[in-house]
There are 2 protein chains.
Amino acid sequence: MKKKSIPSVTINRLSIYHRCLEKILETERGEELKILSSLKIAEITGINSAQIRKDLAYFGEFGKRGLGYPVVDLSGELKKILGLDKKWSVIIAGAGNLGKALVKYKGFQKRGFVIKGIFDNNSSKIGKRLGHIFIYDIKEVEKFIQTENISIGIIVVPADSAQEVADRMVAGGIKAILNFAPIHIVLSPEIKIHNVDLSIEFEGLTYYLSLC
Amino acid sequence: MKKKSIPSVTINRLSIYHRCLEKILETERGEELKILSSLKIAEITGINSAQIRKDLAYFGEFGKRGLGYPVVDLSGELKKILGLDKKWSVIIAGAGNLGKALVKYKGFQKRGFVIKGIFDNNSSKIGKRLGHIFIYDIKEVEKFIQTENISIGIIVVPADSAQEVADRMVAGGIKAILNFAPIHIVLSPEIKIHNVDLSIEFEGLTYYLSLC
DNA sequence: TAGATTGTTAATCGATTAACAATC
DNA sequence: TAGATTGTTAATCGATTAACAATC
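Residues numbered from 1 in each chain as written. Chains lettered and ligands numbered in written order. Predicted model: local features only at pLDDT ≥ 70, side-chain atom pairs only at ≥ 80, totals over all residues. Heavy atoms only, no water.

A. Spatial organisation of the relation of the copies chain A and chain B. For the pair chain A and chain B, the superposition axis carries a translation of 0.0 Å, the fit reaches an RMSD of 0.0 Å, and the rotation angle comes to 180°. Taken together, these values place the two copies in the relation of a two-fold axis. Measuring from the rotation axis to each C-alpha of chain A, the shortest distance belongs to A:A101, at 3.2 Å. (Least-squares fit on C-alpha atoms with pLDDT ≥ 70 in both.)

B. Broad picture of the environment of B:F62. Residue and element names in this part refer to chain B. Relative to the assigned elements, F62 resides in the loop between α3 (49-57) and β2 (69-70). With 15 residues separating them in the primary sequence, F62 and E77 have C-alpha atoms 8.4 Å apart. For F62, the residues in contact, after removing those within four places along its chain, are L56, Y69, P70, L74, E77 and I81. (Helix = DSSP H or I, 4+ residues; strand = E, 2+ residues; numbered from the N terminus. Contact = heavy atoms within 4.5 Å.)

C. A look at the interface of chain A and chain B. Taken together, the contact pairs 61 residues of chain A with 61 residues of chain B. Summed over the three residues of chain A that lose the most area to chain B, namely A:F202, A:E203 and A:Y207, the buried surface amounts to 13% of that side. Along the contact surface separating chain A from chain B lie 4 salt bridges. Taking the shortest distance from any N to any O, the salt bridge between A:R19 and B:D197 comes out at 2.4 Å. Here chain A is connected to chain B by 20 residue pairs in polar contact (both at pLDDT 80 or more). Examining the composition of the side of chain A that touches chain B, we find that 14 residues originate from one element, helix α9 (residues 198-211) of chain A, more than from any other. (Buried area = accessible area lost by both parts, 1.4 Å probe. Salt bridge = Lys/Arg side-chain N within 4 Å of Asp/Glu carboxyl O. Polar contact = N/O pair within 3.5 Å; in protein donor to acceptor, adjacent residues only side chain to side chain.)

D. Inspection of the sheet that holds strand β6 (residues 133-137) of chain B at higher detail. Residues and elements named next belong to chain B. With mixed pairing, the 7 strands of this open sheet are ordered in space as β5-β6-β4-β3-β7-β8-β9. Each edge of the open sheet carries a strand with a single partner, namely β5 (129-130) and β9 (192-195). The pairing of strand β3 (residues 88-93) with strand β7 (residues 152-155) spans 4 bridges and is parallel. Pairing of A93 across the sheet is with I155, part of β7. (Pairing = 2+ DSSP bridges.)

E. Expanded view of the protein's contact with DNA strand C. The full set close to DNA strand C counts 22 residues, and A:S38, A:G63, A:Y69, B:R13 and B:R65 are the nearest of them. Among the atoms of DNA strand C close to the protein, meaning within 4 Å, 65% are from sugar or phosphate groups. Note that a phosphate oxygen of DNA strand C is positioned 3.2 Å from one of the backbone N or O atoms of A:F62. For DNA strand C, a base nitrogen lies 2.8 Å from a polar atom in the side chain of B:R65. Within the residue set of the surface near DNA strand C, elements represented by two or more residues are α3 (49-57) of chain A together with α3 of chain B. The class makeup of the residues in the surface near DNA strand C is 5 nonpolar, 8 polar and 9 charged. (Near = heavy atom within 4 Å. Nonpolar A, V, L, I, M, F, W, Y, C, P; charged D, E, K, R; others polar.)

F. Broad picture of the side chain of A:N179. Residues and elements named next belong to chain A. By secondary structure assignment, the location of N179 is in strand β8 (residues 176-179). Looking at N179, its side chain comes within polar contact range of the main-chain nitrogen of A181, at 2.9 Å. Looking at N179, its side chain comes within polar contact range of the side chain of N195, at 2.9 Å. Those residues in contact with N179 that lie beyond four places of it in its chain are I155, A162, I185, I193, H194, N195 and V196.

G. Expanded view of the packing of aromatic side chains. Residue and element names in this part refer to chain B. Per the counting criterion, the structure on display carries 18 aromatic pairs over all chains. With centroids separated by 5.8 Å and ring planes inclined at 80°, the aromatic side chains of F108 and F113 adopt a geometry described as edge-to-face. Pair check on accessibility: F108 and F113 agree, each one buried. (Phe/Tyr/Trp six-rings, centres within 6.5 Å; stacked < 30°, edge-to-face > 60°. Buried < 20%, exposed > 50% of the residue type's maximum accessible area, 1.4 Å probe, protein only.)

H. Representation of the protein's contact with DNA strand D in the model. DNA strand D sits among 22 residues. The nearest are A:R65, B:S38, B:G63, B:G66 and B:Y69. Sugar and phosphate atoms form 64% of the subset of DNA strand D atoms that lie within 4 Å of the protein. Between DNA strand D and B:F62 there is a distance of 3.2 Å, counted from a phosphate oxygen to a backbone nitrogen or oxygen. Considering only residue class, the surface near DNA strand D consists of 5 nonpolar, 8 polar and 9 charged.

In structure tokens, the structure reads:
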């Protein structure tokens, strides 16, 4: 709860720093790399070292001058800042291929995300399971969010129904949405929405290839 | 081949404009919306209208003053700019869940992307198919890229092997990579690489949720 | 202490947006 | 013509990076 608001790119980079440190803790069994300079982190992540120090300075003084940042401590601090010290309940709207891939995605458990249910409007899917997760009728999503205390909704439905699904989620009380549907969803500003748009990524590449 | 280099966020937004226009052409059967003002596009996409005009102005004068932008013409121009008037051959490295979802992803055909092969190092997968696409040994990827003239490689292997796979792709002559592995891949600068990082997106949401 | 690296300020860079003359 | 919207300039905003005093 800082005064000056923190750029969202900074938060994105905190994720990268955190992952970098976690990896070091996993592999190098603690001994050698007790401490890491911003220059060393820069080398691993490809991010400018001044940027790293500035990003971290938004949240406190985690470093030791002349030495660097203690790996264990900083990793723990970042974990707390990013809310990865808590468990988060998640639902997925859309029992398609991408929904399936997300259900099986290993990174979720690792970060304390628990997928509580999948929702779809296709009656041939409702009542079945995807992985080990039950598929419910999308009409039940509002009630489910309330009773199961869901924090995060993932939208992997077609663009046409994405706005409607998002509205349902918000009506149920969801606070954050990750949207994979290629459409601009409008919600009241206190709901956090992030968009992942694969087409944009691909078309950035084809634009570049066309120049050659 | 413009002189002043164009911001990559501008290219991303061109994708959004293009998609917006295509959708209008699909739904409104041509009649009413022959022309669209930047203000109207702004309304649909959520992007500032001055921004839209500026983005388009990098590439030419597509609008009619007093009226707006002709939908069909502008859509065609954007299609050309983004290289979507050509076919692009693609390979996927990693026959996991995400690879599977990508193989089945409808948006590919629509944009002229043709998936020519999938590559993995798991001998129990090699020789089988994912969807209708054959799975090859990752060791053959260099040769395959050369002989099949592949332009785009998609990396959906674990972080540990991503750099190695990328190096192989580049050795084969690939020019653009879309990387889903959560690691910083280093390549010579003429190779275009875009990263899609799901963890970062999620952790942006949990950071926000933790503030509440 | 001398050497190294942080935390932070100031300079730079680049992107967004407002404003308006040009013009359909 | 009068009204509307583009294309473009100028102003604003914000993010990145260099530089360095503070300090371990």
